[in-house]
Amino acid sequence: MTNNQFVVSQAWLLKHLDDPQVVIVDCRFSLAAPQLGKQQYQTSHIKGSYYLDLNQDLSSPVGKHGGRHPLPDPNDLANKLSAIGVNFQKTLVVAYDDSRFAFAARLWWLLHYLGHEQVAVLNGGFAGWQQAGYPITDIIPQPQKATFVPQINTELVVDIEAVKSRKDLPQVVLVDSRESDRYRGEREPIDKIAGHIPGAVNYPWIEATDSSGQLISPQEQRLRWQKLEKAEEILVYCGSGVTACVNLLSLELAGIHIAKLYAGSWSDWISY
């Protein structure tokens, strides 16, 4: 995978560590241990990077409906982006994690949702950066001043009513991004009910990458989605709208630009 508008290499980022037009964001997180990502960041991170937390920054508080990771309030996230130096539609944001893009892709998608297209993920994540011997530090960078005024792209997201009304239309495909055993209902480690939304097809999010955490090539991404190339709309979900964003990134890399996120996902679906 070479550099493109959605992905940058470790070598590219190394050259741009001190670029004032680039802001690096550490998105490491553990669903099993919610404080772990921030602790890892405080111990060691890519030089100059800021930390955004899945629960505290990239989601809003959980309610009766809306799933386990409801979308954050756009203005709250915009203020946080301003405070780390992201100028709307000017600054390139580079997001990384250590979970095969599970959390970095959430920020990647959220920035597109807020109307900010200058965002990429770091191929190989933090582990790849470390293995390359590139600079890491425990120094927390100072807050910055920038201007981020979001312009919400409502076309990128759907709610449960839209899923219900559109999922069975002939040219619409509903994609479940979870591991196949969760899709089949054989295992459910998080949500109260196992199974999948009727009519959904399964494309596990982890198949967008190889075992080393590198994205597979655009050609391989296209091959991955070739059965859906005639669809007019693709609705993508997972457990809570997080790892589905890896599939949304994969679809973009494959040249398919008709996909939308069911943000509440399975955890919202089963709440009714």
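Rules behind the numbers
Residues numbered from 1 in each chain as written. Predicted model: local features only at pLDDT ≥ 70, side-chain atom pairs only at ≥ 80, totals over all residues. Heavy atoms only, no water. Helix = DSSP H or I, 4+ residues; strand = E, 2+ residues; numbered from the N terminus. Rg over C-alpha atoms; globule rule 2.2 N^0.38 Å. Buried < 20%, exposed > 50% of the residue type's maximum accessible area, 1.4 Å probe, protein only. Areas by Shrake-Rupley, 256 points an atom, 1.4 Å probe, with all protein chains shown as cover. Arc of directions from axis to C-beta. Contact = heavy atoms within 4.5 Å. Pairing = 2+ DSSP bridges. Right-handed = clockwise from strand over helix to strand, strands pointing away. Disulfide = S-S within 2.5 Å. Phe/Tyr/Trp six-rings, centres within 6.5 Å; stacked < 30°, edge-to-face > 60°. Axes fitted to C-alpha atoms, helices over the stretch in contact; angles between N-to-C directions. Parallel < 35°, antiparallel > 145°, perpendicular 65-115°, else oblique. Left-handed = near helix turned anticlockwise from the far one by under 90°.

In this section: the overall build of the protein. Of regular secondary structure, the protein possesses 10 helices and 12 strands. Taken over the C-alpha trace, the protein has a radius of gyration of 18 Å; the compact-globule value for 272 residues is 19 Å, and the two agree within 12%. With the C-alpha coordinates of the protein rotated into their principal frame, the extents come out at 50 × 40 × 35 Å. Counting the 272 residues in the protein, one finds 54% classified as buried. Looking at the protein as shown, the accessible area adds up to about 12300 Å², and 50% of this sits on carbon and sulfur atoms.

Further remarks concern helix α3 (residues 74-83). Every buried residue of α3 is listed here: Leu77, Ala78, Leu81 and Ser82. All buried residues of α3 project into a common sector of 145° when viewed along the axis, lining one side. In this structure, the buried side of α3 is in contact with α4 (104-113). Looking one or two places after α3, you find glycine 85, whose phi comes out positive at around 95°.

Strand order in the open sheet made by the five strands is β1-β6-β5-β2-β4, with parallel pairing throughout. Looking at the sheet topology across the chains shown, the edges are occupied by β1 (7-8) and β4 (50-51). Note that β1 and strand β6 (residues 119-122) share two bridges and pair parallel. Among the inter-strand pairings, valine 7 is bridged to a residue of β6, identified as valine 121.

Attention now moves to the pairing of strand β5 (residues 92-96). A regular strand places its side chains on the two faces of the sheet in alternate fashion. For β5, the buried fraction is high: five of the five residues fall into the buried class. Side chains of β5 alternate between two faces, with Leu92, Val94 and Tyr96 and Val93 and Ala95 buried alike. Here five bridges tie strand β2 (residues 22-26) to β5, and the two strands are oriented parallel to one another. The residue bridging isoleucine 24 from the neighbouring strand is valine 94, located in β5. As a crossover connection, the stretch from β5 through α4 into β6 is right-handed.

The subject of this paragraph is the state of the cysteines. Inspection of every chain in the model, using the stated rule, returns zero disulfides. Note on cysteine 238: no disulfide assigned, nearest cysteine sulfur contributed by cysteine 245 at a separation of 7.0 Å. Owing to a relative accessible area of 2%, cysteine 238 belongs among the buried residues under this scheme.

Our next topic: the packing of aromatic side chains. In total, this model carries nine aromatic pairs according to the counting rule given. Relative to phenylalanine 148, the ring of phenylalanine 88 has its centre 5.2 Å away and its plane inclined at 85°; by these criteria the two rings are edge-to-face. Here phenylalanine 88 is found in the loop between α3 and β5, whereas its partner phenylalanine 148 is found in the loop between β7 (136-137) and β8 (157-158), with 60 residues between them in sequence. Phenylalanine 148 carries the same exposure label as phenylalanine 88, and that label is buried.

Angle between the axes and distance between the axes are the two parameters that describe a pair of packed helices. One way to put it is that α4 packs onto helix α9 (residues 244-253) with a least axis distance of 8 Å and a crossing angle of 65°. Between α4 and α9, the angle falls in the class roughly perpendicular. Where α4 crosses over α9, the two elements pack in a sense that is left-handed. Facing α4, whose interface residues are Ala105, Arg106, Trp108 and Trp109, α9 presents Cys245, Val246, Leu248, Leu249 and Glu252.

What follows is about the pairing of strand β12 (residues 259-262). Neither face of β12 is exposed, since Ala259 and Leu261 on one face and Lys260 and Tyr262 on the opposite face are all buried. Relative to β12, β8 is paired through two bridges, and the arrangement is parallel. The partner of valine 157 across the bridge, within β12, is leucine 261. As judged from the three bridges shared by strand β11 (residues 233-237) and β12, these two strands associate in the parallel manner. Looking across to β12, one finds that isoleucine 234 is bridged to alanine 259. Considered for its hand, the β-α-β crossover made up of β11, α9 and β12 is right-handed.

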